[in-house]
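What follows is each chain in one-letter form.
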Amino acid sequence: MSKRNRSRLSRRLRLRSSKSRPGAAPEASLHPSELAGPRPAIEVFAFSPTDVVSQSIQSVKEIEPLRAKFSLIWVNVVGVGNAEVMRELGQAFGLHPLALEDVVHVHQRAKVDAYESSLYIVVREVEQVAPFETDQVSIFLGDGFVLTFQERPRDNFDAIRSQLKQPGSFLRQNCHADYLVYRLIDAVVDGYFPALENIGDRLDELDDQVSNHPTSAVFSTVHQLRGDLLLLRRAIWPHREAVNQLIRDPDPRISDHTRTYLRDVYDHTTQLIDLVETYREICTDMRDFYMSTVSNRMNEIMKVLTIIATIFIPLSFVVGIWGMNFNTEASPWNMPELNWYFGYPMALAVMAAVAGGMLLFFYRRGWLSRQDDETTSKDRE
Amino acid sequence: MSKRNRSRLSRRLRLRSSKSRPGAAPEASLHPSELAGPRPAIEVFAFSPTDVVSQSIQSVKEIEPLRAKFSLIWVNVVGVGNAEVMRELGQAFGLHPLALEDVVHVHQRAKVDAYESSLYIVVREVEQVAPFETDQVSIFLGDGFVLTFQERPRDNFDAIRSQLKQPGSFLRQNCHADYLVYRLIDAVVDGYFPALENIGDRLDELDDQVSNHPTSAVFSTVHQLRGDLLLLRRAIWPHREAVNQLIRDPDPRISDHTRTYLRDVYDHTTQLIDLVETYREICTDMRDFYMSTVSNRMNEIMKVLTIIATIFIPLSFVVGIWGMNFNTEASPWNMPELNWYFGYPMALAVMAAVAGGMLLFFYRRGWLSRQDDETTSKDRE
Amino acid sequence: MSKRNRSRLSRRLRLRSSKSRPGAAPEASLHPSELAGPRPAIEVFAFSPTDVVSQSIQSVKEIEPLRAKFSLIWVNVVGVGNAEVMRELGQAFGLHPLALEDVVHVHQRAKVDAYESSLYIVVREVEQVAPFETDQVSIFLGDGFVLTFQERPRDNFDAIRSQLKQPGSFLRQNCHADYLVYRLIDAVVDGYFPALENIGDRLDELDDQVSNHPTSAVFSTVHQLRGDLLLLRRAIWPHREAVNQLIRDPDPRISDHTRTYLRDVYDHTTQLIDLVETYREICTDMRDFYMSTVSNRMNEIMKVLTIIATIFIPLSFVVGIWGMNFNTEASPWNMPELNWYFGYPMALAVMAAVAGGMLLFFYRRGWLSRQDDETTSKDRE
Amino acid sequence: MSKRNRSRLSRRLRLRSSKSRPGAAPEASLHPSELAGPRPAIEVFAFSPTDVVSQSIQSVKEIEPLRAKFSLIWVNVVGVGNAEVMRELGQAFGLHPLALEDVVHVHQRAKVDAYESSLYIVVREVEQVAPFETDQVSIFLGDGFVLTFQERPRDNFDAIRSQLKQPGSFLRQNCHADYLVYRLIDAVVDGYFPALENIGDRLDELDDQVSNHPTSAVFSTVHQLRGDLLLLRRAIWPHREAVNQLIRDPDPRISDHTRTYLRDVYDHTTQLIDLVETYREICTDMRDFYMSTVSNRMNEIMKVLTIIATIFIPLSFVVGIWGMNFNTEASPWNMPELNWYFGYPMALAVMAAVAGGMLLFFYRRGWLSRQDDETTSKDRE
Amino acid sequence: MSKRNRSRLSRRLRLRSSKSRPGAAPEASLHPSELAGPRPAIEVFAFSPTDVVSQSIQSVKEIEPLRAKFSLIWVNVVGVGNAEVMRELGQAFGLHPLALEDVVHVHQRAKVDAYESSLYIVVREVEQVAPFETDQVSIFLGDGFVLTFQERPRDNFDAIRSQLKQPGSFLRQNCHADYLVYRLIDAVVDGYFPALENIGDRLDELDDQVSNHPTSAVFSTVHQLRGDLLLLRRAIWPHREAVNQLIRDPDPRISDHTRTYLRDVYDHTTQLIDLVETYREICTDMRDFYMSTVSNRMNEIMKVLTIIATIFIPLSFVVGIWGMNFNTEASPWNMPELNWYFGYPMALAVMAAVAGGMLLFFYRRGWLSRQDDETTSKDRE
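Residues numbered from 1 in each chain as written. Chains lettered and ligands numbered in written order. Predicted model: local features only at pLDDT ≥ 70, side-chain atom pairs only at ≥ 80, totals over all residues. Heavy atoms only, no water.

Some details on the interface of chain E and chain D
Of the residues lining the interface, 78 residues belong to chain E; the matching set on chain D comes to 79 residues. Both faces combined, the contact of chain E with chain D buries some 6800 Å², and carbon together with sulfur accounts for 59% of it. At the surface where chain E touches chain D, the tally comes to 7 salt bridges. A salt bridge links Glu281 of chain D to Arg280 of chain E; its shortest N-O distance comes to 2.8 Å. (Contact = heavy atoms within 4.5 Å. Buried area = accessible area lost by both parts, 1.4 Å probe. Salt bridge = Lys/Arg side-chain N within 4 Å of Asp/Glu carboxyl O.)

Considerations on the pattern of salt bridges
Under the counting rule described, the total for this entry stands at 90 salt bridges over all chains. A salt bridge links Lys111 of chain B to Asp113 of chain B; the nearest nitrogen and oxygen atoms lie 3.4 Å apart. Exposure class is identical for Lys111 of chain B and Asp113 of chain B. Each is buried. Note that Arg161 of chain E is salt-bridged to Asp158 of chain E, the shortest N-O span being 2.7 Å. Here Arg161 of chain E and its partner Asp158 of chain E are both found in helix α5 (residues 158-165), 3 residues apart, which amounts to about one turn of the helix. (Buried < 20%, exposed > 50% of the residue type's maximum accessible area, 1.4 Å probe, protein only. Helix = DSSP H or I, 4+ residues; strand = E, 2+ residues; numbered from the N terminus.)

Concerning the sheet that holds strand β4 (residues 111-114) of chain D
Residue and element names in this part refer to chain D. If you trace the 7 strands from one edge of the open sheet to the other, you get β2-β1-β3-β7-β6-β5-β4, paired in mixed fashion. The open sheet has two edge strands, β2 (52-57) and β4, and neither has a second partner. Strand-to-strand twist in this sheet, taken as the mean axis angle between neighbours without regard to direction, amounts to 15°. In this sheet, strand β6 (residues 134-142) lies alongside strand β5 (residues 119-126) in antiparallel orientation, the contact comprising 8 bridges. From the neighbouring strand, Glu125 faces β6, where its bridge partner is Asp135. The strands that helix α3 (residues 83-93) touches are β1 (41-47), β3 (72-78) and β7 (145-150); relative to β7, the one it contacts most, it runs at about 160°. (Pairing = 2+ DSSP bridges. Axes fitted to C-alpha atoms, helices over the stretch in contact; angles between N-to-C directions.)

Considering a nonpolar patch on the surface
There is a patch of nonpolar side chains on the surface, built from Leu359, Leu360, Tyr363 and Leu368 of chain B and spanning about 400 Å² of accessible area. By relative accessible area, Leu360 of chain B is classed as exposed at 51%. (Patch = residues over 30% accessible without salt bridge, like charges linked within 9 Å, V, L, I, M, F, W, Y side chains within 5 Å. Areas by Shrake-Rupley, 256 points an atom, 1.4 Å probe, with all protein chains shown as cover.)

What to know about the sheet that holds strand β4 (residues 111-114) of chain E
Residue and element names in this part refer to chain E. If you walk across this open sheet you meet the 7 strands as β2-β1-β3-β7-β6-β5-β4, and the pairing is mixed. The open sheet has two edge strands, β2 (52-57) and β4, and neither has a second partner. In this sheet, adjacent strand axes meet at a mean angle of 15° when their direction is disregarded. Where strand β3 (residues 72-78) and strand β7 (residues 145-150) come together, 6 bridges link them in parallel fashion. Each residue of the ladder has a partner; that of Trp74, found in β7, is Val146. Lying on the sheet, helix α4 (residues 97-104) is in contact with β4, β5 (119-126), β6 (134-142) and β7; it crosses β6 at an angle near 155°. Seen against the sheet, helix α9 (residues 216-248) touches β4, β5 and β6 and runs at an angle of roughly 150° to β5.

Remarks on unusual backbone geometry
For Met335 of chain C, which is not a glycine, the phi torsion comes out positive at approximately 50°. Here Met335 of chain C is to be found in the loop between α10 (256-321) and α11 (343-364).

Focus on the interface of chain D and chain C
Contact with chain D, which involves 78 residues of that partner, is made by 80 residues of chain C. For the pair chain D and chain C, the two sides together bury roughly 6800 Å², of which 59% comes from carbon and sulfur. At the surface where chain D touches chain C, the tally comes to 7 salt bridges. The residue Arg109 of chain D makes a salt bridge to Asp274 of chain C at a minimum N-O spacing of 3.5 Å. Here chain D and chain C share 21 residue pairs in polar contact (both at pLDDT 80 or more) between them. The element that contributes the greatest number of residues to the side of chain D that touches chain C is helix α10 (residues 256-321) of chain D, accounting for 18 residues. Among the residues making up the side of chain D that touches chain C, the classes are represented as 38 nonpolar, 19 polar and 21 charged. (Polar contact = N/O pair within 3.5 Å; in protein donor to acceptor, adjacent residues only side chain to side chain. Nonpolar A, V, L, I, M, F, W, Y, C, P; charged D, E, K, R; others polar.)

Structural notes on the packing of aromatic side chains
Here the structure, examined in full by the defined rule, presents 75 aromatic pairs over all chains. With centroids separated by 6.1 Å and ring planes inclined at 55°, the aromatic side chains of Tyr344 of chain A and Phe326 of chain E adopt a geometry described as tilted. Pair noted here: Tyr344 of chain A is in helix α11 (residues 343-365) and Phe326 of chain E is in the loop between α10 (256-321) and α11 (343-364), and the two residues belong to different chains. An aromatic cluster of at least three residues, connected via ring pairs, comprises Phe170, Tyr179, Tyr182 and Tyr261 of chain A. (Phe/Tyr/Trp six-rings, centres within 6.5 Å; stacked < 30°, edge-to-face > 60°.)

Some remarks on the relation of the copies chain E and chain D
Relative to chain D, chain E is turned by 72° and slid 0.1 Å along the rotation axis, the superposed coordinates differing by an RMSD of 0.1 Å. Considering both components of the superposition, the chain copies are consistent with a five-fold axis. For chain E, the residue whose C-alpha comes nearest the rotation axis is Gly323 of chain E, separated from it by 4.8 Å. The two copies present different faces, since only 13% of the interface residues in chain E are matched by interface residues at the equivalent positions in chain D. (Least-squares fit on C-alpha atoms with pLDDT ≥ 70 in both.)

Brief notes about the pairing of strand β2 (residues 52-57) of chain C
Every other side chain in a regular strand lies on the same face of the sheet, so the side chains alternate between the two faces. Residue and element names in this part refer to chain C. The sheet contact formed by strand β1 (residues 41-47) and β2 spans 6 bridges and is antiparallel. Each residue of the ladder has a partner; that of Phe47, found in β2, is Val52. Count of turn residues in the β1/β2 antiparallel hairpin: 4 residues.

Observations regarding the confidence of the model for chain A
Residues and elements named next belong to chain A. Taken residue by residue, chain A gives an average pLDDT of 83. The fraction at 70 or more is 88%. Model confidence for chain A, summarised as mean pLDDT per element, is weakest for helix α12 (residues 371-380) at 39 and strongest for strand β7 (residues 145-150) at 95. Here residues 1-8 is a poorly scored stretch, pLDDT under 50, and it has 19 contacts once near neighbours within four places are set aside; other chains count. Contacts of residues 10-20 to residues separated by more than four positions or lying in other chains number 44 contacts, the stretch itself having pLDDT below 50. With a pTM of 0.80, the predicted complex shows an ipTM of 0.74. (pLDDT = per-residue confidence, 0-100.)

Concerning helix α8 (residues 192-212) of chain B
A rise of 1.5 Å per residue sets the reference length of α8 of chain B, with its 21 residues, at 30 Å; its end C-alpha atoms lie 30 Å apart and thus fit the reference within 8%. In terms of burial, α8 of chain B is largely enclosed, as 15 of its 21 residues are buried. (Expected span 1.5 Å × (residues − 1).)

Concerning the packing of helix α7 (residues 177-190) of chain E against α10 of chain E
Residues and elements named next belong to chain E. Closest axis-to-axis distance for the α7/α10 pair is 10 Å, and the angle between their directions is 10°. Viewed along their axes, α7 and α10 adopt a mutual orientation that is roughly parallel. Between α7 and α10, the contacting residues are Asp178, Tyr179, Tyr182, Ile185, Asp186, Val189 and Asp190 on the first element and His257, Thr258, Tyr261, Leu262, Val265, His268, Thr269 and Leu272 on the second. Of the residues belonging to the contact of α7 with α10, the class tally is 8 nonpolar, 4 polar and 3 charged. (Parallel < 35°, antiparallel > 145°, perpendicular 65-115°, else oblique.)

Some points on the relation of the copies chain D and chain C
Note that the two copies of the chain are related through a rotation about an axis and a translation along the same axis. Mapping chain D onto chain C is achieved by rotating through 72° and translating by 0.0 Å along the same axis, at an RMSD of 0.1 Å. Comparing interface residues between copies, only 13% of those in chain D also sit at the interface in chain C, which points to a heterologous contact through distinct surfaces.

So, the environment of Thr134 of chain A
Residues and elements named next belong to chain A. Take Thr134: it is sitting in strand β6 (residues 134-142). Given a relative accessible area of 11%, Thr134 falls into the buried group. Separated by 101 residues in sequence, Thr134 and Ala235 place their C-alpha atoms 7.6 Å apart. Of the polar contacts made by the side chain of Thr134, one reaches the side chain of Arg124; its length is 3.0 Å.

Structure (structure tokens):
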């Protein structure tokens, strides 16, 4: 567990490096010496309602001819670690240096920045299993082009790719850059649902356990889930704001037709946030319930100990008395009961009386009722 | 209990499936292969102040003649699992594909979407017993028609049906689509009151128990109630926003006359939210009160244990001393008291002094006062 | 206590019945079969700066002549359970059916509804002793009339009545419907101050107790007070919003002169809310303080038990050793110390050493310092 | 302590009496029979850049001549309990009855009320030692006059008085009523800083204690400080709103020049609120830290008790066995070990083995590691 | 630790002295008698795209010639404790007295004040190690000049200095005062990232510890971290507001070009706040997790104690019985079992039965299952 958490926290820390060094110019971060990663994989979809070309390219220069020929071109870049390619793309599409800097520093929150040359949108796609790490997806919406950057290869866009290749698909018919951008954002946002479903399943299991076999593992798992939900909430929240900005801001690059569709994405982000908050509250309730169960058990254990101890400790004292070695022969005052005819039965009777008195005391305090235990047992079934 | 919770959580998880697959086109969800459920039951009310026709129909085509003849038509569809019927209805009434998608994915929050052809309103009707599951009701308000979709048959609309059949009823006289929609929303929202009354009754019982017989079952029930209230709050909140949108947005399909009535629904949603929040706070207070009671009892039990143990443990040591077998004959230093004439009475006196000293110590610390117990007893009566 | 709480909760539950049955028309609630209560007491004040007529009337028809003769008429109705009278009043003053429905369903929150014929204001007057139940007061402000409905007779309006009868009073001189309405609202809102003073007194007492004799009764009382404050907060909050609406909304029925006075009422509602919130925080702090005191005591008790037990349990073991019956004659290895000349003194010395070692151990851990106890004692004085 | 708290709470309760009696007219509160206090001390500063007259006056009539002669006059009234003087001042300066009522009922929150004749500002000056009681200061800003009412004599305005008497001072040069009002408000608001510094010092001490000698007194002091901060927060918050209203509202009585200075006061109120909130959070953290320390100690104590008890309780049982008096002569089965040659050494060996086994069990559970203790000790140094 | 905290708290308290004395004029704080510190170090950068002059100066008069010659001049003053220099600078650049007062009282929150002569911006630069103290940086943006005041020498601006000296740098090419101000603010804001990274590293370590070796030191460290984050949050929050004000307010001194860059700084402040809040929630979760671990261990320890004690305490009683010295010869009723042939074996059998019964009781209650222990052990690995 600790291993997992560590990776999560370390990753979260990487969030900082938004600038190479405090005080450095924004442009400095695209210097080749800082970004000497491998050349990214670049994939181009150039299409119109009637035609489509899909190919992987090696050089940014191959894009220009396609762009000239088709009304809409989608360039998907996987990997953002190579300064040279970044600069070339920046020049080819007229990207603002600040936007390019944000593409490279992959810890942006979801946001929309409107530059003159293009609309810059950041969303984050989520891993669908436990650490729920998120990768930055940068989307540029410009005149006749959509340019996307993914940190690493993911399959969220596969469905869109296959539809682009089908001539009759809705996507081909709506051959507009803004509609494509909607579909890309929609695909990324919908990717959070399986992640939450995953957490929901674990909550489901946990709910069983907490009712039936509450062990300390429950608390540990709730602790993990809360951490996961914290990360997811942090990732999802800014999406709502960003999508809302796309809907409200009167940017001519987004048509009214697409805004109608974006409202649907907005509803999805609201649902996601609602779900995350609800899950967090369920986690909190479970934790409280578990803590109360622990506390109840402790109470029960203490009660048994107290009953046993308070009955037998006085009894032990009583038998200790008659175990003393005072010399009965030295004086008639020295433990004459040891020599009585009914001494032993009398001693047993005294002890029975003490025990009975104690039990009566407990009974009147209500400590002997098995009510609590029955309740607890019932809870377990 | 766990059974019940599980069903609740599983259901909540279903919330996700707003899209068949991340990346898929919104239209894809209406494909026959995905929605192959039975044909839904369709009921048509076509009416005017003077006339009414009410009938169940088999084919969507039967609607057109009625629509032509009457100024207002209400079509209620129960069941949303059949793609074919959905498509036919969509075409007949000119519904937007996104709206139709939301009708089919029955986990929307209450909302209002204004499309050109019709106003699309989602509300959720609540089950009035314990799991408090909610079903989606989709309402389309268009020119001369109201189209509603229910997930499953419910009786919330029965009163409206019967009034439609009475010639002189207010509903017949106000023969406007928007007024009918108000009545439908009102019926759904008012359905939450009995559900909350149900919870209120359980809180009432619980309040008795918590004051009189606080068992661990109380905590478990409070835990359940909190979960139920969490779900209800989640369902109710968006209604307020949606109704407010209907009142504020200058949509010509809603008349000022109806807006006055919708303000009344808005007040009801405010009351409901207020009630839910109050109940949640009452739950929290009860839980805290119960926890404190447990803690107080634990304290009381510990005190009894401590008093008994600290009196008798030293006494047991004392009697243990005179139970040692040192040979009194081997030396005059070896336990000469065993042979004293008043050895045994002296031993008893020593023990009485030890016990008395302890009691005095406890008394001065205030541990022997029965104040707390009396308080506790008083609480129980 | 439980009795009191139960009544509170049950009453709160009555909040729901805003409509006879989900789906019913709003008008249905005024049907004679549903509201067959006794005829309400109706009291009429018709006045001008120079003249006043005050009388109880039997029939609604008696109002009309007075209304014709005087510029301003105030009709106060006590009791809202008779459908017939309600209908008559509704017709006489042209009240909107929705408003009339709200008058009858006496669980509205404070609010202002502007209808064409009249301004409808709901405020809630509070009982000034412990359950702090609130009754609905409905106020209609129309052209030349003020119409008020009280659930039951209360004395909040007595001062206003007596001033109306004094010729020179400010109220007579300001012979405007809106100024009278201000005075009525002001009287109702100011009625919350004694209720809060009552709670303040109980907090005062509690503060003494919590510092001097913290018993479990404290917690129980804090629990009650929190419940009371919850109810009061719930009642007061909407008043601020309602009064603010009266001040801000440009309704011609409220003059600027009166708005100045309403700002004063607004300040009072703000003070009330502020007071309620402060009291709630004080309650929370007291509860935390009490819980910590309990926890500290438990700690102290555990320490005493531990010290006593850990000193005497080993000692008991030691004396147990020399109480064994190994036959010293069977072997020189068998407990020869029993026959030593200084066996017994040595045994006592061993025990003293064990006890001393334990005490030293405790002393070095700081468990023997009476610091905490002194602190605790000081707290009590 | 309880004494102090009681006074605080009682004072807070006085907040209510904003009106003599619910339903009474606002004007009623200035009736001589209700306000029969001693005549207040009245001090007049009449000044211009070149000249100043400062005198105590007996009769309100003495003000008129000064007012006629100087462009700006400041009247400071200490004591608000005499109805007659209040009425005279009200008439002399044309004060609104509602404002005058608020002057007399000294429990207003900081606020600004714009009347036609004058601007009415309420601020509260704070006592700089422990109960931190606040007094109401009422400021009227009118045409050529500033009129202030203090509940009791305080020294916040002393610096202003002395500057007024210096011919070259900035205050004399800026001979405008609104600038003087700014200086008065500024003086009152800055008076909160020493009060908070006082609390800060106590927090400082407490922080030492909580780390070094955490006693239950810490919790009690934190409880007090939280109460003090609650009161201060309650007093400070409305100031920010009031000052902001002065800055934003386009009232011609406040010049743009003065607004610039008021923005500085606004910054101070923001700093004060920020400080109060931070101190409250520090208090909360300290309380949690203290509670955790208590909990850790309890844990440590329980561990020692458990180790000692679980080692010696079984040993005591073992020695008890060989202390039984079965007759070894009656049967070879009856405790033959008592007569064995190595019986006693064997018994000791058995006991050593039991103790060793227990210690091994504890060691493997990690209960014997002194890690926690070392940590605790380190914390104390 | 306490040492560190103390310094933190004391420093925080210094926040107050925003005015020498309540009631004093704002101008008073620049009096030489109050500010008699050493003369500050003054550094001037006068530059244009083609030329740069960088020098330390002794007298404010040396600035004027440089200002006349270059289009943009940056004056950086380190140290604000000398009244004379402050006054000279104030006159040279036409600074408002209120702004100058704020420069000297170094406990302002980040803010923007627009004066006619210049824009006054306050930001706070943070120390990057543990106490995370912040120093005030005052920035004046005027016509052709940027004037900055630092409390003490820090290296945040070093990168900017070196770029200013490079002819081709972006900063030299964008030779505008507002762009330079953006770079200065950016440098200060980015300085918070390493501080948060530092905290993140400590959280990382802590996460390991809390999972593997939860000692009370963990809680103490979490307590410290929460305090640090509280301070950082308090420092960072106002920056967002201030930067937003720079972006939104239509001040002609900030060009649209620079606003685009400031949006980037705004994003950074949002990221910082987000990070701080997330870290605080992680701290809270860790604390809860630690507390629960302590509670679980306590439970486990209590269980072991209870099992051992409840088994052996009754057994000790039983052996005590047969250790009594009743005289078997005095009567056949007196402990005849001591003389039975199988007395001793029978006694052992009785004891075994008692122990077995107890174990069975515990087993049926589920106390003997090692489930919890295994879970706990698993957690540790």
